[in-house]
Amino acid sequence: MPSRTATISTTRASGYLQQLCKHFAHKVPVTFTRQAGQITLPFGTSTLQAQDDTLTLTVTGEADALARLEQVIGDHLARFAFRENLSLTWKHAA
């Protein structure tokens, strides 16, 4: 399945990973630790990796669902990180 990845530089990488996962866990299956997480939405999945000052987000799904996955995950992160004004640039995963 196609996937896209965004890498964000932030000192709160692990905090945002945990916040996103806890938020989505109220509605969909989620697994996470302080360094890694997976959110399973009805239309695809998002995996998250926190390493030092870097948060890596990867969305995977059918080609017609990727834009929606990017928007859902990106919008939620933007709300949680509003003080940092983060910018997400999604790239095709290797």
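Residues numbered from 1 in each chain as written. Predicted model: local features only at pLDDT ≥ 70, side-chain atom pairs only at ≥ 80, totals over all residues. Heavy atoms only, no water.

Draft legend 1. Up close: the packing of aromatic side chains. Considering all chains together, one arrives at zero aromatic pairs under this definition. Over the face of the ring belonging to Y16 we find R12, whose NZ or CZ atom lies 4.7 Å from the ring centre. Between R68 and the ring centre of F43, over which it is positioned, the NZ or CZ distance is 3.9 Å. (Phe/Tyr/Trp six-rings, centres within 6.5 Å; stacked < 30°, edge-to-face > 60°. Lys NZ or Arg CZ within 6 Å of the ring centre and 35° of its normal.)

Draft legend 2. Local environment of the side chain of T5. Looking at the secondary structure, you find T5 in strand β1 (residues 3-9). Of note is the side chain of T5, whose polar atom sits 3.2 Å from the side chain of T58. (Helix = DSSP H or I, 4+ residues; strand = E, 2+ residues; numbered from the N terminus. Polar contact = N/O pair within 3.5 Å; in protein donor to acceptor, adjacent residues only side chain to side chain.)

Draft legend 3. Highlighting the nonpolar core. Residues I39, L41, L55 and L57 are the most contacted members of the largest nonpolar core, which totals 24 residues. Listing elements by their share of this core, those giving two or more residues are β1, α1 (13-24), β3 (36-41), β4 (44-51), β5 (54-60) and α2 (66-80). Here the element with the most residues in this core is α1; it accounts for six residues. Once residues lying within four places of it in the same chain are set aside, the contact partners of L57 are R4, T5, A6, I8, L20, T47, L48, I73, L77, L88 and W90. (Core = buried A, V, L, I, M, F, W, Y, C linked by side-chain atoms within 4.5 Å. Buried < 20%, exposed > 50% of the residue type's maximum accessible area, 1.4 Å probe, protein only. Contact = heavy atoms within 4.5 Å.)

Draft legend 4. Region of interest: the packing of α1 against α2. Contact geometry for α1 and α2: axes closest at 10 Å, N-to-C directions at 120°. Where α1 crosses over α2, the handedness of that crossing is right-handed. Along the contact surface, α1 presents Y16, Q19, L20, H23 and F24, while α2 presents V72, I73, H76, L77 and F80. Looking at side-chain class alone, the contact of α1 with α2 contains seven nonpolar, three polar and no charged residues. (Axes fitted to C-alpha atoms, helices over the stretch in contact; angles between N-to-C directions. Left-handed = near helix turned anticlockwise from the far one by under 90°. Nonpolar A, V, L, I, M, F, W, Y, C, P; charged D, E, K, R; others polar.)

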